[in-house]
Amino acid sequence: MEIFPESVRKLWDEWELRSMVLVSLFLQIVLTIFSNSRKFTVAIWIRILIWSAYLSADWVATVSLGTLSQLGDSEGKHDDMDPNHTLMAFWAPFLLLHLGGPGTITAYSLEDNELWLRHLLGLVVQVGVAFYVFLRSWTSRTPLSFLSIPMFVAGIIKYGERTWVLRSASKQHFGDALLPVPDPGPDYAEMVKKNELYNVETGLGLKSSIDDGTKLIFGGKYMNAAYSLFMEQLRHLYADLILSLDDQRKSERIIRSASSEEAFKVVEAELSFLYDVLYTKAVVVYSPLGILLRTVSFLSIISTLVAFSFFIERHEFSNVDINITYALLSGAIFLEIYAIVKLILSDWSIVWLCSSKRKYTLLTDWIHGAITSFPSSTSGKRWSRSMAQNNLIDSCLRDKTKFDHEVNSFFDKNNFLERYRYMTWEKVDDMKEPILSFLLEMTNDARRDRKELLKHRGDYVITKKGNSISGKLSWSIVGVEFDHSILLWHIATDLFSHINPKSENAKISKCLSEYMLYLLVMCPFMLPKGIGKFRIRDTCSEAKRFFQKRSLSVSDRKEACRLLLEVETKIEPIFVKGDKSKSVLFEACRLVRKLKSVEMELEEKWEMISRVWVEMLCYAASHCGWAQHAQQLRRGGELLTHVCLLMSHLGLSDQFQIFQIDEPPDRRPQPTISPD
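Residues numbered from 1 in each chain as written. Predicted model: local features only at pLDDT ≥ 70, side-chain atom pairs only at ≥ 80, totals over all residues. Heavy atoms only, no water.

Focus on empty space enclosed by the protein
Under the convention used in this document: Using protein atoms alone on a 1 Å grid, points that fit a 1.4 Å probe yet trap it form a cavity, whereas open point sets bounded by protein on both sides within 12 Å along at least five of seven lines form a pocket; residues with an atom within 4 Å of a point count as lining. Grid points are joined across faces, edges and corners, and a volume is the space filled by probe spheres set on the points. Segments assigned H or I by DSSP are reported as helices when at least four residues long, segments assigned E as strands when at least two residues long, and all are numbered from the N terminus. Throughout this entry, Asp, Glu, Lys and Arg are counted as charged residues, while Ala, Val, Leu, Ile, Met, Phe, Trp, Tyr, Cys and Pro are counted as nonpolar. The remaining residues, Gly among them, count as polar.
Counted by the stated rule, this structure contains seven cavities of 30 Å³ or more. When its volume is computed, the largest cavity comes out at roughly 500 Å³. For the largest cavity, the lining is made up of 36 residues, of which Gly-103, Thr-104, Tyr-286, Ala-339 and Lys-342 are closest to its centre. Looking at the lining of the largest cavity, the elements with two or more residues in it are α1 (6-34), α4 (92-100), α12 (260-279), α13 (282-285), α15 (319-344) and α16 (347-354). Among the residues forming the lining of the largest cavity, the class breakdown is 14 nonpolar, 13 polar and nine charged.

Spelled out as structure tokens, the structure:
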């Protein structure tokens, strides 16, 4: 019994290859146009679209090549081969182009870069299959066989580019490429023999290569500074390499000479360069070799289109197949032109022009204006410039599941899409000034080792307020795990926000509080290890039980907060409930009472709370690995990543460890002479 009738099977046999080739072309267009959007958008539909297109594109092209390899006369009589099969075989090099992928995306995630050897094997196999199709379809009756040659050149170039870029962006090769030439240093034996040690008292010795009087930011022209920092520092930070103190001085001078807006623009431009290197073909495209290959590829496709138009007799082939071939040629040219436009309208082009002679200044300004005004340009918006917001009390009130049977769906890790129902987004513009001000204040504290500052996660701010305040609040920060502290202060900030909620510091506190909860729930890999998942679930369960027992009284969120604050919390919850449950709900109520008892003006309290959250944010940023930061670049970026890079530029990082010989005498290790 046949499942499908003969007419359906015949139609499928006729259109199977044609439809797959057209789908392959469509997927390439989708990836080319939309893939770069994930750098600056947080929309979930963009991620789903790009993910599905990225995974489908290689599969469809590979299956199409396999189908092509079965075309032709099974007996090998090429002179009797169907002309339409010969034309279809001409599509093989186009599928190589598709397997090479667009320049706007080579890897969906960092893990794809580590699989470059698999792509290298795929390159060898797929080129072999395409060449097999080419040989089987070779005939002297039509110039199609000769027209396949330039398309093969373009296809191999594209596929080879992708494989090379994936290799270059893999963790090992990325780091190896940055390693300097081994430096044995001055000949110690000879220098000691000639008594040429540097003068300890005067500090004479090797001079720093940085001119402290040079400023790299002039009137908002920050692109050169961003590219310089990316090449000299950010790449090394991502590769987990150690930077010198000269590097730290240079970056710190750049950040200190900039406003908060300019400083964050420098950082976002750096991270945009890193995204391009890790997820696109930037390594090849923005190089002399890449421009040469792009020129050869473009000319090959153009010459093939022209020759196909003039030398192919349309009446020998099916009109459908002729039109599909024109669609493939036109699509390939469109993708090349689009790539060239993106090449010109990019930050990389501005950097190249700025590094040229001064006579190009006007041209640089014109191109910069064109980039920022071009509708599809992303250089004006290099990341989402927003931060996700999650509120525990809101999610508990909105979720209608019973506390004793189910966990709030927002905290259900197995329900990916459900979690987005409870998320909102806030712009980061108001966060820039308080963050940079706090970091500059920390670095100005000359009495402290900067690496020691990385250990503070809120206690730095509280301690500076005096022993009285520190004694009341330090238990909520110093004596607990970091995820405990985040959840505790999140609920307390939410409850306290009903007091003068219109304050600017209150707004900053609430935004950072809800952003840190988002990180704890959605991105726990970016925070120090802990039992945050259990603590959130238990707290949510207790909150839902509390609200459901008072469901008649809880009419809105404000009423829910009022009822929580009415609970007597003189006895610590752990002595009442034990330590089996990790809920911090009523610990947060105790913290609110402590905050109320602090002898400060209300606005001063909010300022302290906002600075505690900034310090927590900085602590989380500095304790997140760069691999995790880089993963988030493809999801619209995170404020946490920008703060981490800003901290690194100010020397708040463990990766500045190389001793410099031109350190001030009081900070240099003193040479000792051992007796013989």
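The structure having been displayed, the exposition proceeds.
Let's talk about the nonpolar core
Filter applied, for reference: Here the nonpolar core consists of buried residues drawn from Ala, Val, Leu, Ile, Met, Phe, Trp, Tyr and Cys, with membership extended through side-chain atoms lying within 4.5 Å. Each residue's exposure class comes from its accessible area (1.4 Å probe, protein chains only) as a fraction of the maximum for that residue type: buried when under 20%, exposed when over 50%, partly exposed otherwise. Between two residues, a contact is recorded if the distance between any of their heavy atoms is within 4.5 Å.
Counting residues in each nonpolar core, the largest one holds 131 residues, and the members touching the most others are Trp-489 and Leu-639. Apart from residues lying up to four places away in sequence, Leu-639 is in contact with Phe-264, Trp-383, Met-387, Val-428, Ile-435, Leu-512, Tyr-515 and Leu-617. Counting residues in each nonpolar core, the second largest holds 41 residues, with Val-21, Leu-95, Val-127 and Leu-144 among its members.

Topic: a nonpolar patch on the surface
This is how the line gets drawn: Here the term patch refers to residues with relative accessible area over 30% and no salt bridge, with like charges joined within 9 Å and nonpolar side chains (Val, Leu, Ile, Met, Phe, Trp, Tyr) within 5 Å. All accessibility values rest on the Shrake-Rupley procedure with a 1.4 Å probe; residue burial counts only the protein chains present in the view. In the sections that follow, a salt bridge refers to a side-chain nitrogen of Lys or Arg positioned within 4 Å of a carboxyl oxygen of Asp or Glu.
The grouping of Trp-138, Phe-146, Ile-149, Val-153, Leu-289, Leu-292 and Val-296 at the surface amounts to a nonpolar patch, some 620 Å² of accessible area in total. If you trace the backbone, Leu-289 turns up in helix α14 (residues 288-311).

Focus on the pattern of salt bridges
Within the structure shown, the criterion is met by 29 salt bridges. With a closest N to O distance of 2.7 Å, Arg-382 and Asp-347 form a salt bridge. One end of the pair, Arg-382, is in the loop between α17 (361-373) and β2 (386-389); the other, Asp-347, is in helix α16, with 35 residues separating them in the sequence. Residue classification places Arg-382 among the buried residues on the basis of a relative accessible area of 5%.

What about the packing of helix α10 (residues 223-238) against α12?
Quick note on the threshold: Between N-to-C directions, angles span 0 to 180 degrees; the directions come from axes that are lines fitted to C-alpha atoms, helices contributing only their stretch in contact. Note on angle classes: values under 35 degrees are labelled roughly parallel, values over 145 roughly antiparallel, values of 65 to 115 roughly perpendicular, and the remainder oblique. For any helix crossing, the convention is left-handed if the near helix is rotated counterclockwise from the far helix by under a right angle, and right-handed if that rotation is clockwise.
Closest axis-to-axis distance for the α10/α12 pair is 8 Å, and the angle between their directions is 55°. By the angle between their directions, the pair α10 and α12 is classed as oblique. Relative to α12, α10 is oriented so that their crossing is right-handed. Taken together, the residues of α12 that come into contact with α10 (itself represented by Met-223, Ala-226, Tyr-227, Leu-229, Phe-230, Leu-234 and Tyr-238) are Val-266, Ala-269, Glu-270, Leu-271, Phe-273, Leu-274, Val-277 and Leu-278. A per-class count over the contact of α10 with α12 returns 14 nonpolar, no polar and one charged.

Remarks on the packing of aromatic side chains
As a reminder, the rule being used: Stacked, tilted and edge-to-face are the three classes assigned to paired rings of Phe, Tyr and Trp, where Trp is represented by its six-membered ring and a pair needs centres within 6.5 Å; plane angles under 30 degrees give stacked, over 60 edge-to-face, the rest tilted. Ring-over charges, as used throughout, are those where CZ of Arg or NZ of Lys falls within 6 Å of the ring centre and within 35 degrees of the ring normal.
One pass over the full model with this rule turns up 26 aromatic pairs. Aromatic side chains Phe-546 and Phe-547 sit 5.7 Å apart centroid to centroid with 75° between the ring planes, which places their arrangement in the edge-to-face category. The same class applies to Phe-546 and to Phe-547, which are both buried. Here a set of aromatic residues connected by ring pairs shows up, and it is made of Phe-131, Phe-134, Trp-138, Phe-146 and Phe-152. Over the ring of Tyr-238 we find Lys-171, and its NZ or CZ is 4.0 Å from the ring centre.

So, the packing of α4 against helix α7 (residues 144-169)
Axis separation between α4 and α7 bottoms out at 7 Å; the angle between their running directions is 15°. Taken as axis vectors, α4 and α7 run roughly parallel relative to one another. Handedness of the crossing formed by α4 with α7: left-handed. Residue-level contacts link Pro-93, Phe-94, Leu-96, Leu-97, Leu-99 and Gly-100 of α4 to Ser-148, Met-151, Phe-152, Ala-154, Gly-155, Ile-156, Lys-158, Tyr-159 and Arg-162 of α7. Along the lines of polarity and charge, the residues of the contact of α4 with α7 split into ten nonpolar, three polar and two charged.

Notes on helix α2 (residues 44-68)
Since the α-helix advances by 3.6 residues per turn, residues separated by three or four positions end up pointing in the same direction. Test applied: Expected span, for any helix, means 1.5 Å times one less than how many residues it has. Take the seven residues that end at a residue and the seven that start at it, fit an axis to each, and the angle between those axes is the bend at that residue.
In this model α2 runs 36 Å from its N-terminal to its C-terminal C-alpha over 25 residues, within 8% of the 36 Å that 1.5 Å per residue would give. Of all the bends in α2, the largest measures some 25° and sits at Ser-56. Within α2, burial applies to Ile-46, Arg-47, Ile-50, Ala-53, Tyr-54, Ala-57, Val-60, Ala-61, Ser-64, Leu-65, Thr-67 and Leu-68. Packing partners of the buried residues in α2 comprise α1, α3 (83-89), α4, α5 (110-114), α6 (116-136) and α7.

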